[in-house]
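Notes for the structure review
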Amino acid sequence: MLARFFICVGLCGLLGFTAEWGSAVARAQDTEPITAARNRAIAYLKEQQNSDGSWSFKDHDIGITALCTIALIENGVPLSDPTLLKGYEYVRKNANKQKNTYDLSLVVVLLSRFGDRRDKPDIKKYAARLMAGQMDSGGWHYTCPGAELDHEKVLKDVSLGPKPKEGYGDNSCTQFAVLGLWVASRAGVNIDKTLQRVAQRFGKSQTADGGWAYVAKTGDQVNGASESMTGAGLFCLAVAQANQIRDALKSGKKPEGELATGKTLLESPVFSKGFQRTGEFVKAVGPGSSRYFLWSVERVGVLLGLEQIGDVDWFQRGADGLLKTQREEGGWPTSWPETDKAGLSDTCFALLFLRRANLGSDISRLLEGEHEQKFQILGRRPAARFDTLEDAVAASASGDTIRIEGNGPPTGGPWKLGSLELKHDLTIQAGFGYAPVFRFEITKNRLGIKLRPETDPNGRHMIGVTGGQVTLEGLRLQMDPPKDLKKSIPWRAITVKGGSLRLLNCSISEVNKQGTVAIVNEGDARLVVRNCILVGGKAGIELSGSGHRDLLLDNSVVFSNGGILLATEDQSKTPVDVSINIGNSVFQVKDVVVNPAKLSGTIHVTSRATVYQADWVGTNFLVSLANKTGRSWQGAVNLYDVKNWIGAGGKSVPEISSGKDWLKYWGNTETNSFKVPAPFVAGGLRQVGNFTHELTAQDWQLDFPPQTEPVFIRNRVGVNSYHSGPGQPYDQFRETISYSDWQRGVSELVANQE
């Protein structure tokens, strides 16, 4: 029992949802010793994996396997890594027999982290077991119902499930169950009634000194607060209030009850008192602190966006202690030699503490509340908020971040946007839990005269980048030009004339068939597009002009008439120098690379783990059928569902008729790629030309049949819909170490494992 208790305490702290509170708090960059410690621990965990993909912890092999896999994911190991894939498959294969509260919760978190659409029914099923396991006290004990449960009935209404068992349970199991249920709620599980009882439990069981105990009473004796269980209480209260606010926002009602009386959670008397007690516990943090307790401290610190708790730099002090106690082989000393001989749980706790894992950014804005002015420049004192994006951009300085905390204006519908010029280093990002929508509108110039797109290029786009490094994150841009203009106009949602553009988790769509290009890059700087969805129009991306052009496209969907369009001025005779780097993406287009006939210069494409469903890879990719000079294509593990390969003048190269021919043509610079049908989960429903604004990347997730090439499955070919697109996928991506890399400017693709 103790082993179960301690593993759950640490894990709940470890996976307890973190959020930014109010303004963003700068996080300390990894120091070299911390980075080295994490790398050694990653290597140690990998070495401890069994041949069947599991890790060993007595009676909890599934739970510890999920935990180790999660710890590795959070520390930057790619999902295509064989260690992660083996752990994930072991959990998926064996999870259905689980009844244990801890293990069920970890399974839900792991399946959610991998983000495979096919796992959604299982996430809901295991969440139903957790809900049915809640006791009449509002808490949980070790065991929940198993496969015998009618989970569909419970998911419909938890009160239709088994009658709750009598008993108090313990706060360790309770916090663990709350964790799993919050994650499951992202998949559409209704946890309202369950969390109402959780809130009541912690509101009634707080100790006199402000904390919480493992169990409130032992016989007639009232137990005192413990370090980790006080963190458990704070976490459960935070989740309960966040869910209450989320439910109220959906229904349009105001939150009710004691937890909703304050403007912020810290104004709740119960929570505030518990936070003060945590501050007293934090004073004892040091080298002798248990790893599960450190995670309890970390959860509170990151949850509230604090560099200090009381007068203690909690992260620095905890990190110092962990560096001093790490063993030479990379792990940390085990607290439970009889059940966890390798110290796997302690190593995971330490890894996740040093990582400052952030799995719950979606709680942030729920707890912070709504603001009338939705556009905020971060870091300003006093707070700088504005009514429009244009006003915020005008007031911004180089290096600022504008956060948008709303989906659209109070009157409903999208915000109107046109001809917004960005001239300096600037980041514009969606707030946590939001997916701001902007719709194109022809605007007026500084003199108040409406722009004429027929003659004024500035009237043809929503956003123009003319200088600086511009980063756009989590935005929806709906580019629907008017149909009543007689002249054919080269519409584009975003034009890059100078500076550079990085696009993360955005969607750009056009549905009224006016020939829009989502992004046109006329500048020399690299264009980076990650986790995005480009829908409709003439093409997804245009690289325009002569000279060097560089594109990186990662984990994105291009659903358009053309994929990547290369265009030059008619009078220009300067050869092009185009470099295209593509990874884990999907093209459903007529032509992948579209370029003028006999285009002079070089076109180099590197493609990894990408799916192409197209009529052509490139109708005019070559200068002539007999000449591939200046053209190259290399990579690995690509799936080609194409009718034709490449050609010149609309004619295909005769010697390429199969996947093997394609690889041979390029001198085998590409490996493990095949021509097979693309088994999209929404196959047949999405046809080129049938464009809408409401598409998600899940439509292009792959559902491979049993006879599929194993290399495709091992390398998770195609888009990861869990992280692709605005809204929830953006929030989830911000919880990963990859987002930290993105913020530091790291934008390289992860190399395939094959």
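Note that this is a predicted model, so its numbers are computed, not measured. (Residues numbered from 1 in each chain as written. Predicted model: local features only at pLDDT ≥ 70, side-chain atom pairs only at ≥ 80, totals over all residues. Heavy atoms only, no water.)

**Overview of the overall build of the protein chain**
What the protein chain contains, in helices and strands, is 20 helices and 29 strands. What you see for the protein chain is a C-alpha radius of gyration of 27 Å, in line with the 27 Å of a compact globule of 754 residues. C-alpha extents for the protein chain along the principal axes are approximately 90 × 60 × 50 Å. Among the 754 residues that make up the protein chain, the fraction classed as buried is 60%. Partitioning the contacts of the protein chain with sequence separation of at least 6, the portion at a separation of at least 24 is 77%. Of the accessible surface of the protein chain, which amounts to about 29200 Å², a share of 49% is contributed by carbon and sulfur atoms. Computing the positive centroid from 86 side-chain charges and the negative centroid from 81, the protein chain places the two 3 Å apart. (Helix = DSSP H or I, 4+ residues; strand = E, 2+ residues; numbered from the N terminus. Rg over C-alpha atoms; globule rule 2.2 N^0.38 Å. Buried < 20%, exposed > 50% of the residue type's maximum accessible area, 1.4 Å probe, protein only. Contact = heavy atoms within 4.5 Å. Areas by Shrake-Rupley, 256 points an atom, 1.4 Å probe, with all protein chains shown as cover. Lys, Arg positive; Asp, Glu negative; His and termini not counted. Charge placed at Lys NZ, Arg CZ, Asp CG, Glu CD.)

**Description of the pattern of salt bridges**
Under the counting rule described, the total for this entry stands at 20 salt bridges. Residue R291 is joined to D346 by a salt bridge in which the shortest nitrogen-to-oxygen separation is 3.1 Å. Here the residue R291 occupies a position in helix α12 (residues 291-303), and D346 occupies one in helix α14 (residues 344-355), the gap between them amounting to 55 residues. Using a relative accessible area of 9% as the deciding quantity, one classes R291 as buried. When salt bridges with common partners are traced through the structure, they connect E89, R92 and D119 into a single cluster. (Salt bridge = Lys/Arg side-chain N within 4 Å of Asp/Glu carboxyl O.)

**Some remarks on the nonpolar core**
Ranked by internal contacts, the top residues of the largest apolar core, which has 100 residues, are L45, F114, W140, V178, W314, F353 and L354. Counting residues in each nonpolar core, the second largest holds 77 residues, with L477, M479, I508 and V589 among its members. (Core = buried A, V, L, I, M, F, W, Y, C linked by side-chain atoms within 4.5 Å.)

**Looking at helix α6 (residues 120-132)**
Given a rise of 1.5 Å per residue, 13 residues ought to cover 18 Å, and the 18 Å separating the end C-alpha atoms of α6 matches this to within 8%. I123, K125, Y126, A127, A128, R129, L130, M131 and A132 are the residues of α6 that are buried. In this fold, the buried residues of α6 make contact with α5 (101-114), α7 (151-156), α8 (171-185) and α9 (192-204). (Expected span 1.5 Å × (residues − 1).)

**A look at the side chain of N223**
Tracing the sequence through the fold places N223 in the loop between β2 (221-222) and α10 (227-251). The class for N223 is buried, based on a relative accessible area of 19%. Separated by 2.9 Å, the side chain of N223 and the backbone oxygen of V215 make a polar contact. The contact partners of N223, leaving out residues within four places of it in the chain, are T207, A213, V215, A216, K217 and T218. (Polar contact = N/O pair within 3.5 Å; in protein donor to acceptor, adjacent residues only side chain to side chain.)

**Quick word on the packing of aromatic side chains**
In total, this model carries 26 aromatic pairs according to the counting rule given. Ring centres of F315 and F353 lie 5.4 Å apart, and the angle between their planes is 10 degrees; on these two criteria the pair is classed as stacked. With F315 in helix α13 (residues 314-325) and F353 in helix α14, this pair connects stretches of sequence that are 38 residues apart. The exposure classification of F315 matches that of F353, with both residues buried. Seen in terms of ring centroids, W662 and W666 are 5.8 Å apart; in terms of plane orientation they differ by 80 degrees. Their pairing is edge-to-face. Taken together, the ring pairs connect F587, Y612, F621, W633, Y640, W645, W662, Y665 and W666 into an aromatic cluster. Sitting over the face of the ring of F202, R201 holds its NZ or CZ atom 5.9 Å from the ring centroid. The ring centre of Y88 lies 6.0 Å from the NZ or CZ of R716, which sits over that ring. (Phe/Tyr/Trp six-rings, centres within 6.5 Å; stacked < 30°, edge-to-face > 60°. Lys NZ or Arg CZ within 6 Å of the ring centre and 35° of its normal.)

**As for a negative patch on the surface**
Judged by side-chain charge, E372, D387, E390 and D391 come together as a negatively charged surface patch. For D387, the location among the structural elements is in the loop between β4 (384-386) and α16 (389-395). Judged by relative accessible area, which is 52%, D387 ranks as exposed. (Patch = residues over 30% accessible without salt bridge, like charges linked within 9 Å, V, L, I, M, F, W, Y side chains within 5 Å.)

**Brief notes about the packing of α13 against α14**
A pair of packed helices is captured by two measures, namely the crossing angle of their axes and the spacing between those axes. Across the interface, α13 lies against α14 with an axial gap of 10 Å and an inter-helix angle of 140 degrees. Judged by the inter-axis angle, α13 sits oblique to α14. In the crossing of α13 with α14, the sense of the turn from one axis to the other is left-handed. Of the residues in α14, those touching α13 at W314, F315, G318, A319 and L322 are A350, F353 and L354. The residue inventory of the contact of α13 with α14, partitioned by class, reads 7 nonpolar, 1 polar and no charged. (Axes fitted to C-alpha atoms, helices over the stretch in contact; angles between N-to-C directions. Parallel < 35°, antiparallel > 145°, perpendicular 65-115°, else oblique. Left-handed = near helix turned anticlockwise from the far one by under 90°. Nonpolar A, V, L, I, M, F, W, Y, C, P; charged D, E, K, R; others polar.)

**A few points about α14**
Here α14 spans 16 Å end to end across 12 residues, near enough to the 16 Å set by a 1.5 Å rise per residue. Within α14, 12 of the 12 residues are buried, which leaves the element mostly enclosed by the surrounding structure. Along α14, the residues that are buried comprise L344, S345, D346, T347, C348, F349, A350, L351, L352, F353, L354 and R355. Downstream of α14 by one or two residues, R356 has phi in the positive range, about 55 degrees.

**Some points on the confidence of the model for the protein chain**
Scored by pLDDT, the protein chain has a mean of 87; 90% of the residues are at 70 or more. In this model residues 1-29 is a low-confidence stretch, pLDDT under 50, and it forms 107 contacts with partners more than four residues away in sequence or in other chains. (pLDDT = per-residue confidence, 0-100.)

**Some thoughts on the packing of helix α2 (residues 32-48) against α14**
Viewed as axis vectors pointing N to C, α2 and α14 meet at an angle of 145 degrees, and their least axial separation amounts to 10 Å. Taken as a pair, α2 and α14 cross one another with a handedness that is left-handed. Touching I34, A37, R38, A41, I42, Y44, L45 and Q48 of α2 are L344, T347, C348, L351, L354 and R355, all from α14. Of the residues that constitute the contact of α2 with α14, the class distribution is 10 nonpolar, 2 polar and 2 charged.

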